[in-house]
Amino acid sequence: MEPSITTEQLLSSEYVYCMSNKSFHPNILKVGWTRYNPAFRANQLYTTGVPTPFVVEFLILTTHGRELE
C-alpha cells in the first residue's frame, strides 16, 4: 500500500507540466511549473492570443517544482 499524502504535503505541492498545442510544430512542447492545477495554467495560456487550447500531456506532483523544471 502506498503512503497517503498529508494535507501539509498537498499544500506545499507544486506541479511540473508538459503541454502541447496543435497551433505549434509537433516537436514543440511547453514545459513549466505551477502551484495550481496545470489545467488552470493551460486555460491561462490559451488567453495569450494562441488560437487553439493547450493540452496537458503529463504532469509531476513535487515539492520542488521550480528546481525540477
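Presented here is a report on the structure given in the accompanying data block. (Residues numbered from 1 in each chain as written. Predicted model: local features only at pLDDT ≥ 70, side-chain atom pairs only at ≥ 80, totals over all residues. Heavy atoms only, no water.)

Quick look at the nonpolar core
Within soluble globular proteins, side chains that are nonpolar generally end up buried alongside one another.
Okay, step 1: Y17, M19, A42, L45, V50 and F54 together form the largest nonpolar core, which totals 6 residues.
Okay, step 2: Among the secondary structure elements, those contributing two or more residues to this core are β1 (14-20) and α2 (38-46).
Okay, step 3: Ignoring any residue separated from it by four or fewer positions in sequence, one finds F54 in contact with M19, S20, N21, F24, K30, A42, L45 and Y46. (Core = buried A, V, L, I, M, F, W, Y, C linked by side-chain atoms within 4.5 Å. Buried < 20%, exposed > 50% of the residue type's maximum accessible area, 1.4 Å probe, protein only. Helix = DSSP H or I, 4+ residues; strand = E, 2+ residues; numbered from the N terminus. Contact = heavy atoms within 4.5 Å.)

Overview of a nonpolar patch on the surface
Okay, step 1: Judged by side-chain polarity, F58, I60 and L68 come together as a nonpolar surface patch covering roughly 280 Å² of accessible area.
Okay, step 2: Mapped onto the elements, F58 comes out in strand β3 (residues 55-62).
Okay, step 3: Exposure remark for F58: the relative accessible area of 46% places this residue in the partly exposed category. (Patch = residues over 30% accessible without salt bridge, like charges linked within 9 Å, V, L, I, M, F, W, Y side chains within 5 Å. Areas by Shrake-Rupley, 256 points an atom, 1.4 Å probe, with all protein chains shown as cover. Salt bridge = Lys/Arg side-chain N within 4 Å of Asp/Glu carboxyl O.)

Side note on the environment of S13
Okay, step 1: For S13, the location among the structural elements is in the loop between α1 (7-11) and β1.
Okay, step 2: Placed 21 residues apart in sequence, S13 and T34 show a C-alpha to C-alpha distance of 9.2 Å.
Okay, step 3: Residues in contact with S13, not counting those within four places in the same chain, are R35, L61 and T62.

As for the environment of I60
Okay, step 1: Among the secondary structure elements, I60 is positioned in strand β3.
Okay, step 2: For I60, a relative accessible area of 36% corresponds to the partly exposed category.
Okay, step 3: Excluding residues that lie within four positions of it along the chain, I60 makes contacts with E14, Y15, V16 and L68.

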